[in-house]
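Working through the structure, step by step
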Amino acid sequence: MIQISDLTFNWPGQSKPTLHINDLQIQQGERLFLHGPSGSGKSTLLGLLAGIQTPQQGSITILEQDLGKLSDAKRDKFRADHIGTIFQNFNLLPYLSPIENVLLGCNFSKRRVANLKRANISAQNQANLLLEQLGIDQTTRSRSVSELSIGQQQRVAAARAFIGQPELIIADEPTSALDADNRDIFIKQLFEQATHYQATILFVSHDASLAHLFDRQVSLKEINEVKQ
Ligand SMILES: Nc1ncnc2c1ncn2[C@@H]1O[C@H](COP(=O)(O)OP(=O)(O)OP(=O)(O)O)[C@@H](O)[C@H]1O
């Protein structure tokens, strides 16, 4: 599903590279936990996988597509079609309802809309269903997102990532604002969604106590040949 080979990435103005990763493979349907200390390059690696940044050397292949061979516009399209993201700050639009925020997930992707069509469900119904499954009741679904708790907002962000069934879900420290019980509940809900259609999950956190919930854990410190 994902193959990283001989990758080097340098932020402009930095004297040494942030990342050099010889080889990292992630299988389809795998739930991988990537951890590492603050500043070790976790978010940088996610940015590279999402095609927001490009490496100076090496390759990243996702679903047999070498990201380096795509133009900027095609990389943006690839991301919209195949990658759902959940970030620490959720990036929700506060003046819209949960439903409207979830629908944004398929706004830029004809492929996600086509996936919904194939499954014979409207985007509106799928958004409602995902929010229901993630524990957002009907009344909460029509409120403005700015009135929701952090835990509820996080579940809205997860529903937006999953709508239209992108193959890869990238989550960057999405549970950092939650207590331990809610963290575990959220991860279980994430896995339930992923199981429906064999989505691959790449979950980044510095909290190694969550690692046992995943199929595999990878320490960025160990696979990064640049010692910070
Ligand atoms: N936009 C940027 N421009 C220049 N340097 C950056 C940029 N973003 C990150 N860096 C540098 O890259 C290194 C890795 O940062 P990154 O945010 O990837 O680490 P992280 O492991 O995600 O950290 P944290 O756990 O604190 O979020 C740091 O030295 C940081 O200063």
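Residues numbered from 1 in each chain as written. Predicted model: local features only at pLDDT ≥ 70, side-chain atom pairs only at ≥ 80, totals over all residues.

1. A word on the overall build of the chain
Helix and strand counts for the chain come out as nine helices and nine strands. Reported as C-alpha extents along the three principal axes, the dimensions of the chain are approximately 50 × 40 × 30 Å. A total of 228 residues make up the chain; the buried ones form 37% of that total. Within the chain, contacts between residues at least 6 apart in sequence are counted, and of these 76% link residues at least 24 apart. (Helix = DSSP H or I, 4+ residues; strand = E, 2+ residues; numbered from the N terminus. Buried ≥ 20, exposed ≤ 12 C-beta atoms within 10 Å, placed from the backbone. Contact = placed C-beta atoms within 7 Å.)

2. Topic: the UniProt feature "domain: ABC transporter" (unreviewed entry) in the chain
UniProt's entry tags residues 2-226 with the feature "domain: ABC transporter" (unreviewed entry), counted in the numbering of this structure. In this annotation, residues 2-226 is assigned 37% helix and 21% strand; the end-to-end C-alpha distance for the span is 21 Å. (UniProt positions renumbered as here; feature names shortened; annotations may be inferred.)

3. What about the confidence of the model for the chain?
On average, residues of the chain score 91 in pLDDT, and 100% of them reach the 70 mark or higher. Prediction confidence for the complex, expressed as pTM and ipTM, is 0.91 and 0.97 respectively. (pLDDT = per-residue confidence, 0-100.)

4. Details of the sheet that holds strand β8 (residues 200-204)
Taking strand neighbours across the sheet as the criterion, the five strands line up as β6-β7-β8-β3-β9 in an open arrangement whose pairing is parallel. The open sheet is flanked by β6 (83-87) and β9 (216-219), the only strands paired with a single partner. Here the strands of the sheet are splayed against their neighbours by 15° on average, with no regard to which way each runs. One ladder, built from four bridges, connects strand β3 (residues 31-35) with β8; its direction is parallel. Opposite Phe33, over in β8, you have Phe203 as the bridge partner. (Pairing = 2+ DSSP bridges. Axes fitted to C-alpha atoms, helices over the stretch in contact; angles between N-to-C directions.)

5. Considerations on the site of the ligand
Lining the immediate surroundings of the ligand are Trp11, Thr18, Gly36, Ser38, Gly39, Ser40, Gly41, Lys42, Ser43, Thr44 and His206. The residue makeup of the shell around the ligand, split by class, is one nonpolar, nine polar and one charged. (Near = placed C-beta within 6 Å. Nonpolar A, V, L, I, M, F, W, Y, C, P; charged D, E, K, R; others polar.)

6. A word on the pairing of strand β7 (residues 168-172)
A large share of β7 lies buried, amounting to five of its five residues. Side-chain alternation along β7 places Leu168, Ile170 and Asp172 on one buried face and Ile169 and Ala171 on a second face that is also buried. Where β6 and β7 come together, five bridges link them in parallel fashion. Among the inter-strand pairings, Phe87 is bridged to a residue of β7, identified as Asp172. Bridge analysis of β7 against β8 gives five bridges, and the strand direction is parallel. Across the sheet, Asp172 pairs through a bridge with Val204, a residue of β8.

7. Description of the nonpolar core
In terms of nonpolar packing, the biggest core is built from 49 residues, with Val156, Ala159 and Ile170 touching the most fellow members. It is helix α7 (residues 150-162) that provides the largest number of residues to this core, a total of six residues. Contact partners of Ala159, with chain neighbours within four places excluded, come to Val102, Ala127, Leu130, Leu131 and Leu134. (Core = buried A, V, L, I, M, F, W, Y, C linked by C-beta atoms within 7 Å.)

8. Quick look at the sheet that holds strand β1 (residues 2-9)
If you trace the four strands from one edge of the open sheet to the other, you get β2-β1-β4-β5, paired in antiparallel fashion. In this open sheet, the two edge strands, each paired with only one partner strand, are β2 (19-26) and β5 (65-66). The pairing of β1 with strand β4 (residues 57-62) spans five bridges and is antiparallel. Across the sheet, the residue bridging to Ile4 is Ile60, located in β4. Contacts from helix α1 (residues 42-49) reach β1, β2 and β4, with the element oriented near 120° to β1.

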